[in-house]
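Next come the chains, spelled out residue by residue.
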Amino acid sequence: MLNLVLFGPPGAGKGTQSVKLIEKYALIHLSTGDILRAEIANATPRGLEAKKLMDQGLLVPDAVVIGMISSKLDANKNAKGFIFDGFPRTTAQAQALDSLLSEKNTSISMMLALEVEDEELTRRLLKRGLDSGRADDQNEEVIRKRITEYNSKTAPLKQYYSAQNKFISIPGTGSVDQIFELLCAKIAR
Ligand code: ADP
């Protein structure tokens, strides 16, 4: 199986690149942000609880997102592989993902990290907020909080995957196609 963690701060372009990667490699896209937004749209109790945190730019509890990923893995038993987008975001999530995959006799193939500077991220997210309708993209304070959460809780995962020799850094600036080519070259290696 090809199991990719697509990594990077909010606004790095994970969603955009995921769409292209799932098409090329026939993978299942698992975005915890998308799953949470679908739960909010359906007004599930879990979605409504998560919304309060998401609106403040805070992470939702590990147990919630780990449970969501676990059921998606069970629901896609014959998949060729997965792209994890926006997950894992904490060390506890990364450890849980490793054990969920090992129960299925598979593992993460590599972590592809899109690197973009904070100022460019804020600019991109505010622009996305103009047309996405996402509340968390429309408020500069919330955007800054998400970037702070990323730097304190999520960025350390680079170390986690480096220790497994799975960390690959990719510049997240340039055209969408240029970045996609770089990602494909690393996957092919
Ligand atoms: P972005 O990466 O652009 O911030 P996402 O769609 O990945 O957007 O996530 C939006 C929000 O959903 C996050 O700010 C967070 O509150 C919540 N969220 C998504 N994935 C996770 C996760 N793995 N762990 C905790 N919270 C998450």
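Residues numbered from 1 in each chain as written. Predicted model: local features only at pLDDT ≥ 70, side-chain atom pairs only at ≥ 80, totals over all residues. Heavy atoms only, no water.

1. Here we look at the packing of helix 6 (residues 118-132) against helix 7 (residues 140-154)
At step 1: Interhelical geometry of helix 6 versus helix 7 gives an angle of 135 degrees and a closest axis separation of 10 Å. Judged by the angle between their axes, helix 6 and helix 7 are oblique. By crossing handedness, the relation of helix 6 to helix 7 is classed as right-handed. Packed against helix 6, whose contacting residues are Asp118, Leu121, Thr122, Leu125, Leu126 and Arg128, the element helix 7 presents Glu140, Ile143, Arg144, Arg146, Ile147 and Asn151 at the interface.
At step 2: Of the residues assigned to the contact of helix 6 with helix 7, the class counts are 5 nonpolar, 2 polar and 5 charged. (Axes fitted to C-alpha atoms, helices over the stretch in contact; angles between N-to-C directions. Helix = DSSP H or I, 4+ residues; strand = E, 2+ residues; numbered from the N terminus. Parallel < 35°, antiparallel > 145°, perpendicular 65-115°, else oblique. Left-handed = near helix turned anticlockwise from the far one by under 90°. Contact = heavy atoms within 4.5 Å. Nonpolar A, V, L, I, M, F, W, Y, C, P; charged D, E, K, R; others polar.)

2. What about helix 6?
Given 3.6 residues per helical turn, the α-helix brings residues three or four places apart onto the same face.
At step 1: Here helix 6 spans 20 Å end to end across 15 residues, near enough to the 21 Å set by a 1.5 Å rise per residue.
At step 2: Taken residue by residue, helix 6 has Leu121, Thr122, Leu125 and Gly129 as its buried positions. Buried positions in helix 6, seen along its axis, are confined to an arc of 95 degrees and lie on one side of it. Residues of helix 6 that are exposed and angled more than 90 degrees away from the buried face: Glu119, Lys127, Leu130 and Asp131.
At step 3: Against the buried residues of helix 6 lie helix 7.
At step 4: Looking one or two places after helix 6, you find Gly133, whose phi comes out positive at around 75 degrees. (Expected span 1.5 Å × (residues − 1). Buried < 20%, exposed > 50% of the residue type's maximum accessible area, 1.4 Å probe, protein only. Arc of directions from axis to C-beta.)

3. So, the site of the ligand
At step 1: Taken together, 20 residues are adjacent to the ligand, and Thr32, Arg37, Leu58, Gly86 and Gln93 come closest.
At step 2: Here an oxygen atom of the ligand sits 2.6 Å away from a polar atom, N or O, in the main chain of Leu58.
At step 3: Contacts to the ligand include Gly86, whose backbone N or O atom sits 3.0 Å from a nitrogen atom.
At step 4: Ranked by residues supplied to the shell around the ligand, first place goes to helix 2 (residues 32-41) with 4 residues.
At step 5: Partitioning the shell around the ligand into residue classes produces 8 nonpolar, 5 polar and 7 charged. (Near = heavy atom within 4 Å. Polar contact = N/O pair within 3.5 Å; in protein donor to acceptor, adjacent residues only side chain to side chain.)

4. A closer look at the sheet that holds strand 2 (residues 28-31)
At step 1: Pairing is parallel across the open sheet formed by 5 strands, whose spatial order is 2-3-1-4-5. Edge positions in the sheet fall to strand 2 and strand 5 (167-171), since each of these pairs with one other strand and no more. When strand polarity is set aside, the average angle formed by the axes of neighbouring strands in this sheet is 20 degrees.
At step 2: The sheet contact formed by strand 1 (residues 2-7) and strand 4 (residues 110-115) spans 4 bridges and is parallel. In the sheet register, Leu4 faces strand 4, and the bridge partner there is Met110. (Pairing = 2+ DSSP bridges.)

5. With respect to the packing of aromatic side chains
At step 1: In this structure the tally under the stated criterion is 3 aromatic pairs.
At step 2: Between the aromatic rings of Phe7 and Tyr150, the centroid separation amounts to 5.7 Å while the plane-to-plane angle is 45 degrees, which identifies the pairing as tilted. Pair noted here: Phe7 is in strand 1 and Tyr150 is in helix 7, with a separation of 143 residues, a long-range link.
At step 3: Looking at Phe7, the relative accessible area reads 3%, which means it is buried.
At step 4: Seen in terms of ring centroids, Tyr160 and Tyr161 are 5.1 Å apart; in terms of plane orientation they differ by 70 degrees. Their pairing is edge-to-face.
At step 5: Of note, Lys20 hangs over the ring of Phe180, and the distance from its end group to the ring centre comes to 4.9 Å. (Phe/Tyr/Trp six-rings, centres within 6.5 Å; stacked < 30°, edge-to-face > 60°. Lys NZ or Arg CZ within 6 Å of the ring centre and 35° of its normal.)

None of the figures reported here should be taken as evidence of function without further support.
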